[in-house]
Amino acid sequence: MAQAAQMNVNEISTPLRVEHDKKRRQFTIRLNGSHDRAVLLYAYVGKKTVDLQHTEVPDAFRGRGIAKHLAKAAMDFVVEEDLKAHLTCWYIQKYVKENPHPHYLERIIH
């Protein structure tokens, strides 16, 4: 019974909240209020075109669907801002393939 009460330090106990820092051109999720964070980086490569470049989740937090939240936020941003997107990041490519929403697909530059 005591073992069940122990909390794994790698458990995520708070709801995930994606933060968008437009100046630094990144989406982030703070993990358990610690210094650990997941990040998705992008860059403008034209006036209305972004390159979704890289997604990174710390090793201890991988496999929990965290990157999916970053990918959704980034693709929703592309749609909301009426942008086009290059998908350099392999994970974003995978996310769009698994979530082939027309409003995402029409924004992608191949």
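Residues numbered from 1 in each chain as written. Predicted model: local features only at pLDDT ≥ 70, side-chain atom pairs only at ≥ 80, totals over all residues. Heavy atoms only, no water.

### A short note on the overall build of the protein chain
Phase 1: Counting secondary structure elements, the protein chain contains four helices and five strands.
Phase 2: In the protein chain, which comprises 110 residues, the proportion classed as buried is 35%.
Phase 3: Look at the contacts in the protein chain between residues 6 or more apart in sequence, and 43% of them connect residues 24 or more apart.
Phase 4: Looking at the protein chain as shown, the accessible area adds up to about 7,300 Å², and 50% of this sits on carbon and sulfur atoms. (Helix = DSSP H or I, 4+ residues; strand = E, 2+ residues; numbered from the N terminus. Buried < 20%, exposed > 50% of the residue type's maximum accessible area, 1.4 Å probe, protein only. Contact = heavy atoms within 4.5 Å. Areas by Shrake-Rupley, 256 points an atom, 1.4 Å probe, with all protein chains shown as cover.)

### A few points about the environment of leucine 16
Phase 1: Tracing the chain through its elements places leucine 16 in the loop between helix H1 (2-5) and strand S1 (18-21).
Phase 2: Ignoring anything within four residues of it in the chain, the contact list for leucine 16 reads Ile29, Leu31, Ile66 and His69.

### A closer look at the nonpolar core
Phase 1: If you look at the biggest cluster of nonpolar residues, it comprises 29 residues, and the most contacted ones within it are Phe27, Leu52, Met75, Leu87 and Ile92.
Phase 2: Elements with a minimum of two residues in this core: strand S2 (26-30), strand S3 (37-46), strand S4 (49-56), helix H2 (66-80), strand S5 (84-87) and helix H3 (90-98).
Phase 3: Ranked by the residues each element gives to this core, the list is headed by H2, at nine residues. (Core = buried A, V, L, I, M, F, W, Y, C linked by side-chain atoms within 4.5 Å.)

### Considerations on the sheet that holds S2
Phase 1: Across the sheet, five strands lie side by side as S1-S2-S3-S4-S5; this open sheet has mixed pairing. Two strands close off the open sheet at either side, each with one partner strand: S1 and S5. Between one strand and the next, the sheet's axes are offset by a mean angle of 25°, whatever the strand orientation.
Phase 2: Where S2 meets S3, five bridges bridge the pair, whose relative direction is antiparallel. Directly across from isoleucine 29, in S3, lies its bridge partner alanine 38. (Pairing = 2+ DSSP bridges. Axes fitted to C-alpha atoms, helices over the stretch in contact; angles between N-to-C directions.)

### A look at the pattern of salt bridges
Phase 1: In this structure the tally under the stated criterion is seven salt bridges.
Phase 2: Between aspartate 59 and arginine 62 there is a salt bridge, with the nearest N and O atoms lying 2.8 Å from each other.
Phase 3: Overall, the relative accessible area of 62% leaves aspartate 59 in the exposed class.
Phase 4: Aspartate 82 serves as the salt-bridge partner of arginine 107, at 2.5 Å between the closest nitrogen and oxygen. Placement of arginine 107 in the segment after helix H4 (102-105) and of aspartate 82 in the loop between H2 and S5 is noted, with a sequence separation of 25 residues between them.
Phase 5: Salt bridges sharing common partners tie together Arg17, Glu19 and Arg30. (Salt bridge = Lys/Arg side-chain N within 4 Å of Asp/Glu carboxyl O.)

### Observations concerning the packing of aromatic side chains
Phase 1: If you walk through the whole model with that rule in mind, you get six aromatic pairs.
Phase 2: Judged by centre distance (5.6 Å) and plane angle (40°), the ring pair of phenylalanine 27 and tyrosine 42 falls under tilted. Of this pair, phenylalanine 27 sits in strand S2 while tyrosine 42 sits in strand S3; the two residues are 15 residues apart in sequence, bridging distant segments of the chain.
Phase 3: Using a relative accessible area of 2% as the deciding quantity, one classes phenylalanine 27 as buried.
Phase 4: Ring geometry for tyrosine 42 and phenylalanine 77: centres 5.4 Å apart, planes at 45°, overall tilted. Within this pair, whereas tyrosine 42 is found in strand S3, its partner phenylalanine 77 is found in helix H2, the two being separated by 35 residues in sequence.
Phase 5: Tyrosine 42 sits in the buried class, given a relative accessible area of 4%.
Phase 6: Among the aromatic residues, those joined into a cluster by ring pairs are Phe27, Tyr42, Tyr44 and Phe77. (Phe/Tyr/Trp six-rings, centres within 6.5 Å; stacked < 30°, edge-to-face > 60°.)

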